Amino acid sequence: MLVRGGVGYALFWIGGATLTFTGGRYATGAWRQQEARLQWQEAEARSVVAFARHAASADARASVPTVTGAPVARLLIPRLGLDEIVLEGVDDDVLNAGPGHLPGSALPGEQGNAVISAHRDRHFSRLSDLRVGDTVVTESAARRARWVVISTHVIDADAPALFRTREATLTLTTCWPIRYFGSAPNRLILTAKPVASS
Amino acid sequence: MVRTLFLSAALMFVANAVGAQITTYIAPPKPLAPSPLAVATADSARRDSVAQATVTNMKAWVDSAAGVSVPEHVGAVDTALTKDSSRAVATTFSNGSVAPATASNLPTLAVVGVLMLAIGAGLVTTRSRS
């Protein structure tokens, strides 16, 4: 009886600690995403002021912070009702806060392949609902681009998935299957091409 | 006298009948000493059988049997290195790199935490009741 009680209390407290840790990570991610949104809005406001003062230039547009964790773009997917601030980097802390821009890849709207990744249990939890022909909108460095999804496919986690492109390309990645107990073995890759930009 | 003659005649007839059944014993030929070629063939076959049981890297084995030069350790070791190196570049973009590691253990931890909490609460509750 004593052993049973001891085991019960141990499981109760360990389970509680595990849940607290998990909830804390989710809460921290949500808080950091909100912080990133505020920073992004401030940067947008500064950009508008710069335009108003006729001080905006190509250099000013290119001065996007590339520090890990800094907001670099805004991602909107109307079909999913998704509106997230994209952060620089794809490490655990960054992906806990929001979609991450893969360092070394192009920024959305620039020439080249722009890669954005996120966790399947949070920001890209409904990415599989996106279909070929759906629209994606990105904003980065005062450049707004509209994309159309041209392909979706699932590949092995260790398979080559990202390639350089001459023209502007947007690649969204997350783990697959979306509903999976444990570390998902595959990746869902969506590719989009620009239809218009401003 | 008659008895002796009768016995001699009987022996003459029986001897013919028995002689028809008994043939001369012919000794089997002595086994010849195996030729060197036969010995070499048998030895090669035995070694091939042993190799078939132990070879694991069939591609390298077939290439070597065909006379194609292959580097050593072309197998699981190189594959593992390739996988590790591709995982290592997943945090930065490069042509042909793998997708970033977006796998998260938080959902699993949440489920495990809920289960442990529920089982622990159940054990404590039933203990206090009994």
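Small disclaimer: the values here were computed from a predicted structure and weren't measured.

(A) Inspection of the interface of chain B and chain A at higher detail. Contacts between the two partners involve 38 residues from chain B, matched on the other side by 50 residues from chain A. Taken together, both faces of the contact between chain B and chain A bury some 3,600 Å²; the carbon and sulfur share is 68%. The three residues of chain B that bury the most area against chain A are Phe93(B), Thr102(B) and Leu106(B), which together make up 21% of that side's buried surface. Applying the counting rule to chain B against chain A returns 0 salt bridges. Summed over the shared surface of chain B and chain A, the result is 8 residue pairs in polar contact (both at pLDDT 80 or more). Sort the elements by how many residues they give to the side of chain B that touches chain A and helix 5 (residues 106–129) of chain B lands first, with 18 residues. Partitioned by chemical class, the residues of the side of chain B that touches chain A number 20 nonpolar, 15 polar and 3 charged. As defined by bridge partners, strand 7 (residues 160–162) of chain A adjoins strand 1 (residues 97–98) of chain B across 2 bridges and the pair is classed as antiparallel.

(B) Looking closely at the nonpolar core. Leu75(A), Ile77(A) and Leu172(A) are the most contacted members of the largest nonpolar core, which totals 24 residues. Of all elements in the fold, only strand 1 (71–77), strand 2 (82–88), strand 4 (113–117), strand 6 (143–156), strand 8 (169–176) and strand 9 (186–197) of chain A reach the threshold of two or more residues within this core. With 4 residues, the single largest contributor to this core is strand 1 of chain A. When residues no more than four places from it in sequence are discounted, the contact partners of Leu75(A) are Leu82(A), Asp83(A), Glu84(A), Val86(A), Ile116(A), Phe124(A), Val136(A), Val137(A), Thr138(A) and Leu172(A). Judged by nonpolar contacts, the second largest core, of 10 residues, contains Leu95(A), Leu162(A), Ile189(A) and Phe93(B).

(C) Layout of the confidence of the model for chain B. All names here are of chain B. Here chain B averages 62 in pLDDT, and 28% of its residues register 70 or above. Least confident of the elements in chain B is helix 4 (residues 76–88), whose mean pLDDT is 39; most confident is strand 1, at 89. Across residues 17–22, confidence stays below pLDDT 50; counting only partners more than four residues off in sequence or on other chains, it has 0 contacts. Counting contacts from residues 50–56, a segment whose pLDDT is below 50, to residues more than four positions away or on other chains yields 1 contact.

(D) Structural context of unusual backbone geometry. That bond from Trp176(A) to Pro177(A) is cis: its omega, 0°, falls within 30 degrees of zero. The residue Pro177(A) is located in the loop between strand 8 and strand 9 in this model.

(E) Spatial organisation of the packing of aromatic side chains. Residues and elements named next belong to chain A. Counted by the stated rule, this structure contains 1 aromatic pair over all chains. Relative to tryptophan 13, the ring of phenylalanine 12 has its centre 5.7 Å away and its plane inclined at 85°; by these criteria the two rings are edge-to-face. Residue classification places tryptophan 13 among the exposed residues on the basis of a relative accessible area of 59%.

Conventions adopted
Residues numbered from 1 in each chain as written. Chains lettered and ligands numbered in written order. Predicted model: local features only at pLDDT ≥ 70, side-chain atom pairs only at ≥ 80, totals over all residues. Heavy atoms only, no water. Contact = heavy atoms within 4.5 Å. Buried area = accessible area lost by both parts, 1.4 Å probe. Salt bridge = Lys/Arg side-chain N within 4 Å of Asp/Glu carboxyl O. Polar contact = N/O pair within 3.5 Å; in protein donor to acceptor, adjacent residues only side chain to side chain. Helix = DSSP H or I, 4+ residues; strand = E, 2+ residues; numbered from the N terminus. Nonpolar A, V, L, I, M, F, W, Y, C, P; charged D, E, K, R; others polar. Pairing = 2+ DSSP bridges. Core = buried A, V, L, I, M, F, W, Y, C linked by side-chain atoms within 4.5 Å. Buried < 20%, exposed > 50% of the residue type's maximum accessible area, 1.4 Å probe, protein only. pLDDT = per-residue confidence, 0-100. Phe/Tyr/Trp six-rings, centres within 6.5 Å; stacked < 30°, edge-to-face > 60°.

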